[in-house]
Amino acid sequence: DVVFTGNYTPPKHFEKYIERVDEEYTKFYREIIEYLICNPETTMECAFEKFLLREMPELRNEELVQCMENMIFIDLYVRFYYRGEVVKKLIENGINVHVFGSNWELLESENTDLLHIEGMTDSKKCLVAMSKAKIALNVMPWFKKGAHDRVFNGMLNGAVVLTDESRYLCEELAEGEVSFYSLEHLEELPYKVKELLEDREKRERMRERAYCFAKKSH
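Residues numbered from 1 in each chain as written. Predicted model: local features only at pLDDT ≥ 70, side-chain atom pairs only at ≥ 80, totals over all residues. Heavy atoms only, no water.

**Q** In this structure, what is going on with the nonpolar core? I would like to understand it.
**A** Generally speaking, a soluble globular protein has its nonpolar side chains buried in company with each other. Counting residues in hydrophobic clusters, the biggest one holds 51 residues, and the most contacted among them are Ile74, Val78, Leu137, Tyr181 and Val193. The element that contributes the greatest number of residues to this core is helix H5 (residues 72-91), accounting for 10 residues. Setting aside residues up to four positions removed in sequence, tyrosine 181 forms contacts with Val86, Leu137, Asn138, Val139, Leu162, Thr163, Asp164, Glu165, Leu186, Leu189 and Lys192. Grouped together as the second largest cluster of nonpolar side chains are 12 residues, Val161, Phe180, Ala210 and Ala214 included. (Core = buried A, V, L, I, M, F, W, Y, C linked by side-chain atoms within 4.5 Å. Buried < 20%, exposed > 50% of the residue type's maximum accessible area, 1.4 Å probe, protein only. Helix = DSSP H or I, 4+ residues; strand = E, 2+ residues; numbered from the N terminus. Contact = heavy atoms within 4.5 Å.)

Here it is, written out as structure tokens:
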């Protein structure tokens, strides 16, 4: 039914970086993480700049860049947090999801029976999996103006692509070539997936449109 290709790391894995200095830094890092989780449309660099300049308004640009580089664990925390939440939302609502990548056995969920862990594999097998899937799921990294190869790989291998939004994807692709969902409204995601799974004719139209578009333009 649904395939996702990508690794998983439990967000708690990054606690050692959040707590590595002292209580004040820990509070600062957690505030940024909470802000990004509550505002998933915000870019990582905008959030970092907002909070860093609040604390240290005298920072020069090069210093700001250095601080951002040292906070990369926040990017990874939020990225994997949402990757896990999206997959959990589906399996906990009765939808089978096949995941290709490492560490998915570490996902904590009330219903892992519908999580089919295929393990680590190579890129070709990921493409083959997409070709057998009704829906190829994408959860964007924090590239709010960019894309990810999962989107175009899914389109070119005959799956209906289900992805969260970015500025580029919304400008480049139309609903009907892919299906968009919102990280801010994950409660709507299972209904969208079930509708696609139940409507074969709609999936076939989307598959054909997506393939033709991606083959021509990407």
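**Q** Help me understand the pairing of strand S5 (residues 160-164) in this model?
**A** The buried fraction of S5 amounts to 5 of the 5 residues, a majority that puts the element mostly inside the structure. The alternating pattern of S5 places Val160, Leu162 and Asp164 and Val161 and Thr163 on opposite faces, both of which are buried. Inspection of the sheet shows strand S4 (residues 135-138) paired to S5 by 4 bridges, in the parallel sense. Bridge pairing links alanine 136 to valine 161 in S5. With helix H7 (residues 149-156) bridging S4 and its parallel neighbour S5, the resulting β-α-β unit is right-handed. (Pairing = 2+ DSSP bridges. Right-handed = clockwise from strand over helix to strand, strands pointing away.)

**Q** Please clarify how the pairing of S4 should be interpreted in this entry.
**A** For a regular strand, side chains alternate in direction, first toward one face of the sheet and then toward the other. Every second residue of S4 is oriented toward a common face, with Ile135 and Leu137 on one face and Ala136 and Asn138 on the other, all of them buried. With 2 bridges joining them, strand S1 (residues 2-5) and S4 adopt parallel strand pairing. Across the sheet, valine 3 pairs through a bridge with alanine 136, a residue of S4.

**Q** Even after reading the chapter, I still don't get H7, so can you show me in this structure?
**A** Helical periodicity: at 3.6 residues per turn, an α-helix aligns residues three or four positions apart in one direction. The set of residues buried in H7 consists of Arg150, Val151, Phe152, Gly154 and Met155. Downstream of H7 by one or two residues, glycine 158 has phi in the positive range, about 85 degrees.

**Q** Would you mind showing me how to read the pattern of salt bridges here?
**A** When the charged atoms of two side chains lie near each other, side chains of opposite charge can form a pair. All told, the structure shown has 14 salt bridges when counted by the stated rule. The salt bridge partner of lysine 134 is aspartate 1, with a shortest N-O separation of 3.3 Å. Note that lysine 134 is positioned in the loop between helix H6 (123-132) and S4 and aspartate 1 in the segment before S1, a separation of 133 residues in sequence. With a relative accessible area of 34%, lysine 134 lands in the partly exposed category. Residue arginine 30 pairs with glutamate 19 through a salt bridge whose shortest N-O separation is 2.9 Å. A residue pair is termed long-range when its members are at least 10 positions apart, and arginine 30 in helix H2 (residues 23-38) and glutamate 19 in the loop between helix H1 (15-18) and H2 qualify at 11 residues. One salt-bridge network, held together by shared partners, links Glu15, Glu19 and Arg30. (Salt bridge = Lys/Arg side-chain N within 4 Å of Asp/Glu carboxyl O.)

**Q** Even after reading the chapter, I still don't get unusual backbone geometry, so can you show me in this structure?
**A** Most peptide bonds adopt trans geometry, and most residues besides glycine take a negative phi value. Residue asparagine 103 is not a glycine yet carries a positive backbone phi of 70 degrees. Mapped onto the fold, asparagine 103 is located in the loop between strand S2 (97-100) and strand S3 (115-119).

**Q** Is there a simple way to think about the environment of alanine 129 in this case?
**A** Structurally, alanine 129 is set in helix H6. When the C-alpha atoms of alanine 129 and valine 3 are compared, they prove to be 7.1 Å apart, with 126 residues separating the residues in sequence. Setting aside its immediate chain neighbours within four residues, alanine 129 contacts Val3 and Phe100.

**Q** I would appreciate a short explanation of the packing of aromatic side chains in the present structure.
**A** Aromatic ring pairs are defined here through the distance separating the ring centres and the angle between the ring planes. Across all of its chains, the model carries 12 aromatic pairs by this definition. Aromatic side chains tyrosine 17 and phenylalanine 73 sit 6.0 Å apart centroid to centroid with 25 degrees between the ring planes, which places their arrangement in the stacked category. Taken together, the positions of tyrosine 17 in helix H1 and phenylalanine 73 in helix H5 put the pair 56 residues apart, joining distant regions of the chain. Given the relative accessible area of 4%, phenylalanine 73 is considered buried. When the centroid spacing of 6.0 Å and the interplanar angle of 50 degrees are considered together, the rings of phenylalanine 28 and tyrosine 29 count as tilted. The residues phenylalanine 28 and tyrosine 29 share a single accessibility class, namely buried. Following the ring pairs from residue to residue traces out a cluster consisting of Phe4, Tyr8, Phe14, Tyr17, Tyr25, Phe28, Tyr29, Phe73, Phe80 and Trp104. The aromatic ring of tryptophan 142 is capped on one face by lysine 144, whose charged end is 3.9 Å from the ring centroid. (Phe/Tyr/Trp six-rings, centres within 6.5 Å; stacked < 30°, edge-to-face > 60°. Lys NZ or Arg CZ within 6 Å of the ring centre and 35° of its normal.)

Purely geometric numbers; function is a separate question.
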